[in-house]
Amino acid sequence: QVQLAESGGGLVQAGGSLRLSCAASGGTFSRSVVGWFRQVPGKKRELVCSINWSGGRTDSADSVKGRFTISRDNAKNTVYLQMNSLKPEDTAVYYCAASRSGSSWPPPREYDYWGQGTQVTVSS
């Protein structure tokens, strides 16, 4: 019954920044792991950043380390993805997802709730 809604996508030039938001309704991120995924045409969906809601532990894909930062706002029940130094290769539809599997580092198949996605386009 939990619904996730992403926002903040858009068109940005290479080197620019965007901040994506993912708000949960009908539930809470408590006891969950929240991840940001991205997908481009013809490629598999890729996990880029994740955060353990209760402990705040984070992880990032090598391709975005040092550029992307995932964070949370407990009061607003919202998770953010701050994207800096954007590259054209970052162009994708970005999805917010949540896992309640209990795994500390859940694989993509264990994410149960998904948003509709928000388009991020980085021009060269």
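Use the structure listed above.
Summary of the structure given here. The residue count restarts for each chain, going from 1 along the sequence in the order it is written. Restriction of local features to residues with pLDDT of at least 70 applies here, the model being predicted, together with a cutoff of 80 or more for giving and counting side-chain atom pairs; totals for whole chains, interfaces and linings are based on all residues. Hydrogens and water are ignored here; the side-chain numbers use all heavy atoms of the structure.

It is worth spelling out the packing of aromatic side chains at this point. To describe a pair of aromatic rings, you give the distance between the ring centres and the angle between the ring planes. Aromatic contacts are taken between Phe, Tyr and Trp rings whose centres are within 6.5 Å, Trp giving its six-membered ring; a plane angle under 30 degrees counts as stacked, one over 60 as edge-to-face, and the others as tilted. Overall, the coordinates contain four aromatic pairs when judged by the stated rule. Taking 4.8 Å as the distance between ring centres and 45° as the angle between the ring planes, the aromatic pair formed by Phe 29 and Trp 53 counts as tilted. In this pair, Phe 29 sits in the loop between strand 3 (18-25) and strand 4 (33-39) while Trp 53 sits in the loop between strand 5 (46-52) and strand 6 (58-60), placing the two residues 24 residues apart along the sequence. Counting as a charge over the ring demands two things of the Lys NZ or Arg CZ atom: a distance within 6 Å of the ring centre and an angle within 35 degrees of the ring normal. Positioned over the ring face of Tyr 80 is Arg 19, at 3.9 Å from the centre of the ring. Over the ring of Tyr 95 we find Arg 45, and its NZ or CZ is 4.0 Å from the ring centre. Comment: elements are numbered from the N terminus, with helices defined as DSSP H or I runs of at least four residues and strands as E runs of at least two.

Moving on, we come to the sheet that holds strand 3. Pairs of strands are assigned from DSSP output, requiring at least two bridges between the strands. With antiparallel pairing, four strands are arranged side by side in an open sheet as 1-3-8-7. What marks the edges here is a single partner per strand, and that holds for strand 1 (3-7) and strand 7 (68-73). Looking at each pair of strands side by side, their axes are set apart by 20° on average, direction ignored. The pairing of strand 7 with strand 8 (residues 78-83) spans six bridges and is classified as antiparallel. Pairing of Thr 69 across the sheet is with Gln 82, part of strand 8. Working convention: axes come from line fits to C-alpha atoms, limited for helices to the stretch in contact. Angles between N-to-C directions cover 0 to 180 degrees.

Ranked by size, the top nonpolar core spans 29 residues in total, and within it Leu 4, Phe 29, Trp 36, Val 79, Leu 81, Met 83 and Tyr 94 carry the most contacts. What is meant by a nonpolar core is a set of buried Ala, Val, Leu, Ile, Met, Phe, Trp, Tyr and Cys residues, joined one to another through side-chain atoms within 4.5 Å. Exposure is judged per residue with a 1.4 Å probe applied to protein chains only, and the accessible area is read against the type maximum: over 50% gives exposed, under 20% gives buried, and values in between give partly exposed. Membership of the second largest hydrophobic core comes to five residues, among which are Phe 37, Tyr 95, Ala 97 and Tyr 111.

A few words now on the side chain of Arg 38. If you trace the backbone, Arg 38 turns up in strand 4. You can call Arg 38 buried: its relative accessible area is 7%. Only 3.5 Å separates the side chain of Arg 38 from the side chain of Ser 63, close enough to count as a polar contact. Whenever two N or O atoms come within 3.5 Å, that pair is a polar contact, provided that in protein one can donate a hydrogen and the other can accept it, and provided that, for residues adjacent in sequence, both atoms are side-chain atoms. A polar contact is formed between the side chain of Arg 38 and the side chain of Tyr 94, at a distance of 3.0 Å. Here, residues are in contact when the closest pair of their heavy atoms is within 4.5 Å. The contacts of Arg 38, once residues within four sequence positions are left out, are Lys 44, Arg 45, Glu 46, Val 48, Ser 63, Val 64, Phe 68, Asp 90, Ala 92, Val 93 and Tyr 94.

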